[in-house]
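Observations on the three-dimensional arrangement
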Amino acid sequence: PSGSTGPPPASGNAVPPQVSGNTVPQAPQDETIVIDDSCVDEITVIDLDADDDDDIVICHDDGEQQGEESIQEIAARYATTNAPLDFIPLSSEPAKPSTTRRRKRNAKNSGQDVLIDNSNKRRPPSRGPGITEGPPIFSSQSSKPEGGATMFTTDKPKQKGLRPIIIDGSNVAFAHGLSGKFSVRGIQLVVDYFKARKHTSIVAFLPQYRLGADKDDREALTKMEKEGNVVFTPSRRVGMKTISSYDDRMMLDYATDRGGIVISKDNFRDIYQEGTKHRDTIANRVLMPTFVGDTLMFPEDPLGRSGPRLDDFLKF
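Note that the coordinates shown come from a computational prediction; the quantities given were computed from them, not determined experimentally.

1. What about the packing of aromatic side chains?
- With the rule as written, the count across this model stands at five aromatic pairs.
- For the pair tyrosine 193 and phenylalanine 298, a centre-to-centre distance of 5.0 Å together with 45° between the ring planes defines the contact as tilted. Pair noted here: tyrosine 193 is in helix α4 (residues 184-196) and phenylalanine 298 is in the loop between β13 (295-297) and α9 (310-313), with a separation of 105 residues, a long-range link.
- The class for phenylalanine 298 is buried, based on a relative accessible area of 14%.
- Between phenylalanine 194 and phenylalanine 298, the ring centres sit 5.5 Å apart and the planes meet at 55°, which makes this aromatic pair tilted. One end of the pair, phenylalanine 194, is in helix α4; the other, phenylalanine 298, is in the loop between β13 and α9, and 104 residues separate them in sequence. Exposure class is identical for phenylalanine 194 and phenylalanine 298. Each is buried.
- Taken together, the aromatic side chains of Tyr193, Phe194 and Phe298 make up a single cluster linked through ring pairs.
- Directly above the ring of tyrosine 272 sits arginine 279, whose terminal nitrogen or CZ lies 4.8 Å from the centroid.

2. Notes on the sheet that holds strand β11 (residues 286-287)
- The five strands are arranged β7-β6-β5-β10-β11 in an open sheet whose pairing can be described as parallel. Two strands bound the open sheet, and with one partner strand each, they are β7 (230-233) and β11.
- Sheet topology note: the strand β5 (residues 165-168)/strand β10 (residues 261-263) ladder contains three bridges and is parallel. Of the residues in β10, the one forming a bridge with isoleucine 165 is isoleucine 261.
- Of the strands in this sheet, β5, β6 (202-207) and β10 touch helix α3 (residues 169-176), which is tilted by about 65° from β5.
- Lying over the sheet, helix α5 (residues 215-226) contacts β6 and β7, oriented at roughly 105° with respect to β7.

3. Considering the pattern of salt bridges
- Per the stated rule, a full pass over the model turns up nine salt bridges.
- Among the ionic pairs, aspartate 294 bridges to arginine 185, the shortest N-O distance being 3.9 Å. Separated by 109 residues along the polypeptide, aspartate 294 in the loop between β12 (290-292) and β13 and arginine 185 in helix α4 bring together distant segments of the chain.
- For aspartate 294, a relative accessible area of 48% gives the class partly exposed.
- With relative accessibility at 39%, the residue arginine 185 sits in the partly exposed group.
- Among the ionic pairs, glutamate 227 bridges to lysine 223, the shortest N-O distance being 2.8 Å.

4. Some details on the pairing of strand β8 (residues 235-238)
- Bridge count for β8 against strand β9 (residues 241-244) is four bridges, and the pairing is antiparallel. Considered in β9, the bridge of arginine 237 is made with threonine 242.
- What sits between β8 and β9 in their antiparallel hairpin is a turn of two residues, with glycine 239 showing a positive phi close to 65°.

5. Here's the deal with the nonpolar core
- By size, the foremost hydrophobic cluster in this structure holds 29 residues, and its most contacted members are Ile167, Phe194, Ile263 and Leu287.
- Looking at this core, the elements with two or more residues in it are β5, α3, α4, β6, α5, β7, β10 and α9.
- Tallying contributions element by element places α4 first for this core, with six residues.
- Once residues within four sequence positions are removed from consideration, leucine 287 is found in contact with Phe194, Ile261, Val262, Ile263, Ser264, Phe298, Pro299, Pro302, Leu310, Phe313 and Leu314.
- Residues Ile166, Met251, Ala255 and Ile271 belong to the second largest nonpolar core, which totals 11 residues.

6. As for α4
- Taking 1.5 Å of rise per residue, the 13 residues of α4 would be expected to cover 18 Å, and the 19 Å separating its terminal C-alpha atoms lies within 8% of that figure.
- Taken together, the buried positions of α4 are Val184, Gly186, Ile187, Leu189, Val190, Val191 and Phe194.

7. Some remarks on the packing of α3 against α4
- At a closest axis distance of 7 Å, the pairing of α3 and α4 adopts a crossing angle of 110°. What the angle tells us is that α3 and α4 run roughly perpendicular. Side by side, α3 and α4 meet where Gly169, Val172, Ala173 and His176 of the first sit next to Arg185, Gly186, Ile187, Leu189 and Val190 of the second.
- Partitioning the contact of α3 with α4 into residue classes produces five nonpolar, three polar and one charged.

8. Some points on the packing of α4 against α5
- Between α4 and α5, the least distance of the axes is 10 Å, while the angle of their chain directions is 25°. The angle between α4 and α5 places the two elements in the roughly parallel class. Here α4 runs over α5; the crossing is left-handed. Here α4 contributes Val184, Ile187, Gln188 and Val191 to the contact with α5, which in turn contributes Asp217, Ala220, Leu221 and Met224.

Rules used in this analysis
- Residues numbered from 1 in each chain as written.
- Predicted model: local features only at pLDDT ≥ 70, side-chain atom pairs only at ≥ 80, totals over all residues.
- Heavy atoms only, no water.
- Phe/Tyr/Trp six-rings, centres within 6.5 Å; stacked < 30°, edge-to-face > 60°.
- Helix = DSSP H or I, 4+ residues; strand = E, 2+ residues; numbered from the N terminus.
- Buried < 20%, exposed > 50% of the residue type's maximum accessible area, 1.4 Å probe, protein only.
- Lys NZ or Arg CZ within 6 Å of the ring centre and 35° of its normal.
- Pairing = 2+ DSSP bridges.
- Contact = heavy atoms within 4.5 Å.
- Axes fitted to C-alpha atoms, helices over the stretch in contact; angles between N-to-C directions.
- Salt bridge = Lys/Arg side-chain N within 4 Å of Asp/Glu carboxyl O.
- Core = buried A, V, L, I, M, F, W, Y, C linked by side-chain atoms within 4.5 Å.
- Expected span 1.5 Å × (residues − 1).
- Parallel < 35°, antiparallel > 145°, perpendicular 65-115°, else oblique.
- Nonpolar A, V, L, I, M, F, W, Y, C, P; charged D, E, K, R; others polar.
- Left-handed = near helix turned anticlockwise from the far one by under 90°.

See the structure below:
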């Protein structure tokens, strides 16, 4: 009616009136609502054509459409050097496969074989200097699985009676010295114990540098060496550096070849994990000593309660 005082009908793209309270007007279909949180009382509605693309449209406070910008342009305009970005820009270019993978894939598609050069890849560290292969004139027990033989002998090991006794010299000496002192007295006690048990083959392995540790120790070790109860593994000085071969490995080589009993409190985990050569010796023929002052003791059941007694353990 002509006398109506209500609001005029909306036409075109007219902007709806301001709203108050919690009431939000319903936007027409295909329209985008842009809310400026700096002014909670104002809502600007912009009508977009159906053929508009998905670029971001920036509208300022006056509601006027300012044009289209890419994500990179927006990030460059708003990013600051003091605050990190809230997103990680992704490259539009796909990642290129490595040369090796491309060669393998191309060869697979063409049905051809491909040879990959791995010479520059990192290899596990070597366990020691290479050993030259020799003719098979050595005992099979003394041949390392990954290399040539490390022992040569002209006397055939005896496999009857009492087993040879091989002493881990450094380990036993520190066990007697309560781990803080190298005590030659501990080695001498072990030698005397097995001599009393009528063992004829008793030898302790020590690095050569132990000869120069102490005058009294040197005299005692030299005496045992002359009696055949101590041998020294290679050790030498080059300038300020000492180069020593691994005496535990040499000791286990000899014990494995002779079927001997190893006297030590060491578990030999590193050598056990190297291969199968010494595993039987480490698992079944290690006898651990116990020192109570100058009293030496060995267990009656070296392999546990269900294992053999000490007398049987020390025999072939």
